[in-house]
Amino acid sequence: MQVSNDQDLTVASPRPYSEVLRSKRPPMLNLGLFQPVVAPWGSPTARTPPRDEDVEAEKDGVYSVYCKRGRRPSMAMEDRYSAVVDRDGGGRIKAFFGVYDGHGGSKAAEFAAKNLGENIEAAVAAARSGGEGYSVERAIREAYLKTDEEFLKEGSAGGACCLTALVFNGELAVSNVGDCRAVVSRNGVAEALTTDHSPDQEHELRRIRASGGYVDCCHGVWRIQWTLAVSRAIGDQNLKEWVIAEPETRTLKIKPELEFLILASDGLWDTVTNQEAVDVVRPYCIGVENPKTLPACKKLAELSATRGSLDDISVIIIQLQQFVA
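On a predicted model such as this, the values are computed, not experimentally measured, just so you know.

About the thresholds
Residues numbered from 1 in each chain as written. Predicted model: local features only at pLDDT ≥ 70, side-chain atom pairs only at ≥ 80, totals over all residues. Heavy atoms only, no water. Helix = DSSP H or I, 4+ residues; strand = E, 2+ residues; numbered from the N terminus. Contact = heavy atoms within 4.5 Å. Salt bridge = Lys/Arg side-chain N within 4 Å of Asp/Glu carboxyl O. Core = buried A, V, L, I, M, F, W, Y, C linked by side-chain atoms within 4.5 Å. Buried < 20%, exposed > 50% of the residue type's maximum accessible area, 1.4 Å probe, protein only. Disulfide = S-S within 2.5 Å. Pairing = 2+ DSSP bridges. Axes fitted to C-alpha atoms, helices over the stretch in contact; angles between N-to-C directions. pLDDT = per-residue confidence, 0-100.

Undergrad: Just give me the short version of the overall build of the protein, but keep the residues and values in it.
TA: For the protein, the count of helices and strands is six helices and 14 strands. Long-range pairs, those at least 24 residues apart, make up 72% of the contacts in the protein between residues at least 6 apart in sequence.

Right, dumping it as structure tokens:
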């Protein structure tokens, strides 16, 4: 995540430029599949990487995590993650995963890692008992907004891009604010499940301008008020009028052709394409007797670093065949 050090927040008339149109993803998830969870999806899973160390974790046959500290001098790791796999009272497998990319410090990312999962759990439980017309998409939206509101009340600086994946009984709901990205392998073909929230998107640009904000390109990067290169995030109190925490959610049924899901911070996607990432991971988990995705996580991070990425790189690979209903 790129944040400018320029603190001048004066609103000025925007300059003309080419606008990029990207379509929104359709939502909806079968609400009846969600039951009250046994274990919380928040604080017990929050990971705080040491300042100078990389972090790795795995659950054989289900997921792997690798977080690599960026190469910017004098900066601690600002990424955090969550990973929970459990079963409900009926023995059905469920899971929650999250990647949180902090900017302006790690406080917002750490707060989201500790609280967003629990807020989603509570909102989904409320949604299930809320009657007709109450969707999981709406529940996730409320959880993101609640997490943002709670963090802002703490008065801490900085913000965080958030990417979450909720898996239950063969269903998948992926949500995001910011530029962390989810990519699924569909029989070896990469498919992005999220859209990066950048100020140069047409609908984001219109929203920001309508509220009096200013967007301009600085050294090839589009920024809001000359400062932030994403248009949605948790936190960012000084830019909250324009940087919203409302997520976009895509939901789908996990079918056999969906092989694995990659969740990663922009430290990976800045230098590695969606299809390249799928091509790197696939040999480690498809057509092999004992799939091992932790080496694939590390290889993706190293590939991005060798191509010049200076940012923190966090990667989660989830083997979706474990969740086919």
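The rest of the description comes next.
Undergrad: Residues and numbers for the environment of Cys217, please.
TA: Take Cys217: it is sitting in strand E9 (residues 215–218). Sequence separation between Cys217 and Pro199 is 18 residues, and the spatial gap between their C-alpha atoms is 9.5 Å.

Undergrad: Describe the pattern of salt bridges, listing the residues and the values that go with them.
TA: Using the criterion set out here, one finds 20 salt bridges in the structure. A salt bridge links Arg80 to Glu110; the shortest N-O distance between them is 3.4 Å. In this pair, Arg80 is assigned in strand E3 (residues 79–87) and Glu110 in helix H1 (residues 107–128), connecting sequence segments 30 residues apart. With a shortest N-O distance of 3.4 Å, Arg138 and Glu142 are connected by a salt bridge.

Undergrad: Report on the nonpolar core, specifying residues and quantitative values.
TA: Grouped together as the largest cluster of nonpolar side chains are 42 residues, with contacts concentrated most on Phe97, Leu172, Leu261, Leu263 and Ile318. What Ile318 contacts, discounting residues up to four positions off in sequence, is Val62, Tyr63, Phe97, Glu259, Phe260, Leu261, Leu263 and Phe323. Ala143, Tyr144, Phe151 and Ala173 belong to the second-largest nonpolar core, a separate cluster that totals 25 residues.

Undergrad: Residue-level account of the state of the cysteines, with values.
TA: Inspection of the entire model under this criterion finds zero disulfides. No disulfide involves Cys180; its sulfur sits 5.4 Å from the nearest other cysteine sulfur, which is in Cys161. Take Cys180: its relative accessible area is 0%, and that puts it in the buried class. Looking at Cys297, it has no disulfide partner, and the nearest cysteine sulfur is the one in Cys67, 9.0 Å off.

Undergrad: Could you give me a rundown of unusual backbone geometry, with the residues and numbers involved?
TA: One non-glycine residue, His219, adopts positive backbone phi at about 55°. Within the element layout of this structure, His219 appears in the loop between E9 and strand E10 (221–224). A positive phi is found at Trp226, a non-glycine position, where the angle reads about 60°. Summarising the element assignment, Trp226 is placed in the loop between E10 and strand E11 (234–235).

Undergrad: Go over the side chain of Thr147 with me, naming the residues and quoting the values.
TA: Take Thr147: it is sitting in helix H2 (residues 136–153). We classify Thr147 as buried; its relative accessible area is 0%. Contact partners of Thr147, with chain neighbours within four places excluded, come to Phe111, Ala112, Asn115, Leu116 and Asn119.

Undergrad: Residue-level account of the sheet that holds strand E14 (residues 313–319), with values.
TA: The six strands lie next to each other as E1-E2-E14-E13-E7-E8, forming an open sheet whose pairing is antiparallel. Each edge of the sheet is formed by a strand with only one pairing partner; in this case those strands are strand E1 (55–59) and strand E8 (189–192). Adjacent strand axes in the sheet meet at a mean angle of 15° when their direction is disregarded. Running at roughly 125° to strand E13 (residues 258–264), helix H5 (residues 274–285) makes contact with strand E7 (181–186), E8, E13 and E14 of the sheet. The strands touched by helix H6 (residues 294–306) are E1, strand E2 (63–68) and E14; relative to E2, the strand with the most contacts, the crossing angle is about 30°.

Undergrad: Residues and numbers for the confidence of the model for the protein, please.
TA: On average, residues of the protein score 84 in pLDDT, and 81% of them reach the 70 mark or higher. Confidence over residues 2–39 falls short of pLDDT 50; this stretch has 105 contacts with residues more than four positions distant or in other chains.

Undergrad: Any details on the pairing of strand E6 (residues 171–177)? Residues and values, ideally.
TA: Across the seven residues of E6, seven count as buried, placing the element largely inside the fold. In E6, alternate side chains face the same way, and those of Glu171, Ala173, Ser175 and Val177 on one face and Leu172, Val174 and Asn176 on the other are all buried. Here seven bridges tie strand E5 (residues 159–168) to E6, and the two strands are oriented antiparallel to one another. Bridging from a neighbouring strand, Val167 pairs with Leu172 of E6. Counting the residues in the hairpin turn of E5 and E6 gives two residues, including Asn169, whose phi is positive at 50°. When E6 meets strand E12 (residues 248–253), the two strands line up antiparallel, connected through six bridges. Its bridge partner being in E12, Asn176 is matched across the sheet by Glu248.

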